[in-house]
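Secondary and tertiary structure notes
The primary structure of each chain is shown beneath.
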Amino acid sequence: MIRVRRRTAVRLLALALCPLPALAGCTDPEPAAPAGTADAAVRRAVADWSAAPPARLAGIPLEDWSYRVATVRQDGVRAFARAELRYRLAGYDAAPAASAREVELTRDGTGWRVTADRPAPGAPAQLWDQGDPAVVRGAHSLVLGVGRSPQELSALADGADRAVPAVGAAWPGPWARRVVVLAPATLDAMAALLGRPADTYRGLGAVTTGSTGGGPAPADRVVVNPEGYAGLSEAGRRIVLTHEVTHVATRAATSARTPQWLSEGFADWVAYRGTGTTPAQGAPELARAVRRGELPGALPADDAFAFGTDPSAAARAYEGAWLACRLVAARWGEGALVRLYELAGREPLPAALEQALGTDLPGLTEAWRQALGADLR
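Everything numeric in this text was worked out from a predicted model, so none of it was measured.

**Here we look at unusual backbone geometry**
- One non-glycine residue with positive phi stands out, namely Asp 64, at about 55°.
- Relative to the elements of secondary structure, Asp 64 occurs in strand S1 (residues 62-75).
- Classification of Asp 64 as partly exposed rests on a relative accessible area of 47%.
- The phi dihedral of Arg 177 is positive, around 55°, even though this residue is not glycine.
- The topology assignment puts Arg 177 in the loop between helix H2 (150-170) and strand S7 (179-183).

Here it is, written out as structure tokens:
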């Protein structure tokens, strides 16, 4: 996530009907069956209905599609099944993604029939809950959109295709070198995909979802905020997508140990790498603070990067993080910055700093403060 563009899990849906044979040959509502028998019939109905992805999702490379029913609740001729949708995007997901769903069924003379499928209460929506998705495949990207023009989706694919090799040149670690981009129609739709209030993402260009740490995991999704992204210049959009793709690339090396100033600063460093952007150009909020005599005393704390914080304060945190990583790359070398990132995800920061840079946190902080004073006054 980044300033008016940012970082940070998204899954999918189904719709195929296959009614069960009649439980009893009657035309009026059938007699209530024993609970265990009825539950089994509901489960069979859901399994038959979800045997394959719905036809309207045919353009999406879905595989391993299934609904796994956890509980069944009956209310007369209606039933509600809590289920987990599991699927993979072929070529993108190393492991199944999962989504909590509520499937509604109605019982008639022929048995149980699925009549609705929606996110479970409190669970994020899926993109196709919001309408029929359009699909654009790029050289390194898969873009899924609802309510967006073909031109917009193609432009996103082109931007992602440029970002992937740019990130690959800066991050030599293993990663798929492919990215999934979700393009909802509105800010509210974006928030529904992420399961948080819309104000959380207002002004941001994009966020990245996914699980940190190694091991098989579903591919990250870059989720675009149509309002924030539309307000960016072409250069700004390039920065946003490169930043977010960097989070995708570094996900396996990122853990709860990784300080936010390093993960966000590294993503901005990759995004600005090779652009010729000066500290004053890339850090206007922090430059104004430094000129007011407000030189920060410490590297930004993790909570400074939280969604929904004061925009100016958040901007200063991101800018300061970028300049910290820029300093490391300039003084110790780009390889040392990458090494620091790799080590910081699995070791305490003091040990990572000593091994990668031969310094400690106070030493790095003082060097950073001196650079801020020299570059931003």
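Now that the structure has been shown, we can carry on.
**A closer look at the pattern of salt bridges**
- Within this structure, the stated rule accounts for 20 salt bridges.
- Residue Arg 221 pairs with Asp 93 through a salt bridge whose shortest N-O separation is 2.7 Å. Taken as a pair, Arg 221 in strand S9 (residues 221-224) and Asp 93 in the loop between strand S2 (78-89) and strand S3 (97-108) lie far apart in primary sequence, 128 residues in all. The same class applies to Arg 221 as to Asp 93, namely buried.
- Taking the shortest distance from any N to any O, the salt bridge between Asp 108 and Arg 113 comes out at 3.7 Å.
- Connected through salt bridges with shared partners, the residues Arg 78, Arg 82, Glu 102, Glu 104 and Arg 118 form a single ionic network.

Definitions and limits used
- Residues numbered from 1 in each chain as written.
- Predicted model: local features only at pLDDT ≥ 70, side-chain atom pairs only at ≥ 80, totals over all residues.
- Heavy atoms only, no water.
- Helix = DSSP H or I, 4+ residues; strand = E, 2+ residues; numbered from the N terminus.
- Buried < 20%, exposed > 50% of the residue type's maximum accessible area, 1.4 Å probe, protein only.
- Salt bridge = Lys/Arg side-chain N within 4 Å of Asp/Glu carboxyl O.

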